[in-house]
Amino acid sequence: MDHAYNGMAATELGGVVWQKSRHSNSQGSCVEFAKLPGGNVAVRNSRHPDGPALVYTPAEIEAMLLGIKDGEFDHLIAP
């Protein structure tokens, strides 16, 4: 992998280990994460493993995870 970029085919990220939450459901509605060489993190939809992967810096992932932990996105989940 020469260069990781947003919207690249996840298959171009060969050799990375994808991980999804243990809270994921059995229908495959999961977001998967993979740490890339160099420290960036790729994100993909498990229903489309060959589809696009979005690539984020560690700081961007940290900000997202802190917001999730603080409940900032709870309004996005149906009551």
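Residues numbered from 1 in each chain as written. Predicted model: local features only at pLDDT ≥ 70, side-chain atom pairs only at ≥ 80, totals over all residues. Heavy atoms only, no water.

Peer 1: Any chance you could break down the pairing of strand 3 (residues 31-35) for me, citing the residues and the numbers?
Peer 2: Along strand 3, the buried face is formed by Glu32 and Ala34; none of Val31, Phe33 and Lys35, which line the opposite face, is buried. Note: strand 2 (residues 19-20) against strand 3, two bridges, orientation antiparallel. Note that in strand 3 the partner of Lys20 across the bridge is Glu32. In terms of strand pairing, strand 3 meets strand 4 (residues 41-45) through five bridges, oriented antiparallel. When the bridges of strand 4 are listed, Lys35 appears paired with Val41. Turn length for the strand 3-strand 4 hairpin, with the two strands adjacent in sequence and antiparallel, is five residues, and the turn residue Gly38 shows positive phi of about 100°. (Buried < 20%, exposed > 50% of the residue type's maximum accessible area, 1.4 Å probe, protein only. Helix = DSSP H or I, 4+ residues; strand = E, 2+ residues; numbered from the N terminus. Pairing = 2+ DSSP bridges.)

Peer 1: Quick one: what's the story with helix 1 (residues 58-69), residue by residue and with numbers?
Peer 2: With 12 residues, helix 1 extends 16 Å from end C-alpha to end C-alpha; this agrees with the ideal 16 Å at 1.5 Å per step. Taken from the residues just after helix 1, Gly71 is the one with a positive phi, measuring 85°. (Expected span 1.5 Å × (residues − 1).)

Peer 1: So what's going on with the sheet that holds strand 2? Which residues, and what values?
Peer 2: What the five strands build is an open sheet, ordered 1-5-4-3-2; its pairing is antiparallel. Whereas interior strands pair on both sides, the edge strands pair on one side only; in this sheet they are strand 1 (8-9) and strand 2. Bridge analysis of strand 4 against strand 5 (residues 52-56) gives three bridges, and the strand direction is antiparallel. Across the sheet, residue Val43 finds its bridge partner in strand 5, namely Leu54. Its contacts with the sheet place helix 1 against strand 3, strand 4 and strand 5, and it is angled at close to 95° to strand 5. (Contact = heavy atoms within 4.5 Å. Axes fitted to C-alpha atoms, helices over the stretch in contact; angles between N-to-C directions.)

Peer 1: Tell me about the pattern of salt bridges, residues and numbers included.
Peer 2: Following the criterion strictly, the structure yields one salt bridge and no others. A salt bridge links Glu32 to Arg44; the shortest N-O distance between them is 2.6 Å. Of this pair, Glu32 sits in strand 3 while Arg44 sits in strand 4; the two residues are 12 residues apart in sequence, bridging distant segments of the chain. With a relative accessible area of 10%, Glu32 lands in the buried category. (Salt bridge = Lys/Arg side-chain N within 4 Å of Asp/Glu carboxyl O.)

Geometry only, nothing functional implied.
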